[in-house]
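The chain contents come next:
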Amino acid sequence: MACDCLLQCFGAAALLYLAVRVLLGVYSTFFAGKGSIKARPGRWAVVTGASDGIGKEFCIELAKKGLNICLLSRTEKKLQDVASALEQLNPSIETKVIPVDFSLPADSYEKKVLSALSDLEVDVLVNNVGISFAYPENFLETESSLDDRMLNVNVQVNSITKQQDSILKEIA
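Residues numbered from 1 in each chain as written. Predicted model: local features only at pLDDT ≥ 70, side-chain atom pairs only at ≥ 80, totals over all residues. Heavy atoms only, no water.

Colleague: I'd like a description of the side chain of Thr95, backed by residues and values.
Modeller: Mapped onto the secondary structure, Thr95 falls in strand S3 (residues 95-99). Side-chain polar atoms of Thr95 contact the side chain of Glu87, separated by 2.5 Å. Sequence-distant contacts of Thr95, that is, excluding residues within four places in its chain, are made with Trp44, Ile69, Leu71, Ala83, Leu86 and Glu87. (Helix = DSSP H or I, 4+ residues; strand = E, 2+ residues; numbered from the N terminus. Polar contact = N/O pair within 3.5 Å; in protein donor to acceptor, adjacent residues only side chain to side chain. Contact = heavy atoms within 4.5 Å.)

Here's what the structure looks like:
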């Protein structure tokens with residue numbers, strides 16, 4: 001009987017511990033984490049896929065925090081437009097635009113990216129680059145060149161690793 005009571009107490013204590021850990025995790029993820037990125041003067045955030053969608057929104061939020069933003073994506077005009085909008089949003093930041101096509105083999109852009117990042121003090125990397133079909137399509141009806149580019153950008157481990165490795169070398 002005493003053994004059963006001891007096991008019940010131990011079980012209740014373990015459940016209480018787990019509940020507290022879950023609540024602390026939820027709190028730190030959704031509440032305490034807000035505003036946790038602090039900009040250090042002159043530091044940069046590098047954002048791939050920065051011209052549209054989630055990448056653009058990352059740029060906006062990081063600019064609000066006061067980080068300088070280095071924007072990487074394929075279309076220079078879109079990058080320039082986003083960079084101008086960021087500088088208007090927060091006039092105290094700098095932006096740098098690097099047009100690069102991540103759908104090409106990594107060897108074709110690695111040196112360009114490393115050279116452009118060499119003079120920046122990078123604190124944040126948002127590796128968000130990705131491409132998709134303009135609209136849902138039947139896979140068998142897609143053009144093979146687009147399929148190959150999508151595989152290079154979205155799936156090919158070597159390309160993704162090269163992107164991160166190139167930029168992370170500069171951060172370290």
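Colleague: Now, about the environment of Val82: what can you tell me, with residues and values included?
Modeller: With respect to the helices and strands, the residue Val82 is situated in helix H3 (residues 76-89). Sequence separation between Val82 and Leu71 is 11 residues, and the spatial gap between their C-alpha atoms is 8.5 Å. Excluding residues within four positions of it along the chain, Val82 makes contact with Ala50, Ser51, Lys56 and Leu71.

Colleague: I'd like a description of helix H4 (residues 110-117), backed by residues and values.
Modeller: Among the residues of H4, Glu110, Val113, Ala116 and Leu117 are the ones counted as buried. Each buried residue of H4 sits inside an arc of 140° when the element is viewed along its axis, so together they form one side. Turned more than 90 degrees away from the buried face of H4 sit Lys111 and Ser115, all of them exposed. (Buried < 20%, exposed > 50% of the residue type's maximum accessible area, 1.4 Å probe, protein only. Arc of directions from axis to C-beta.)

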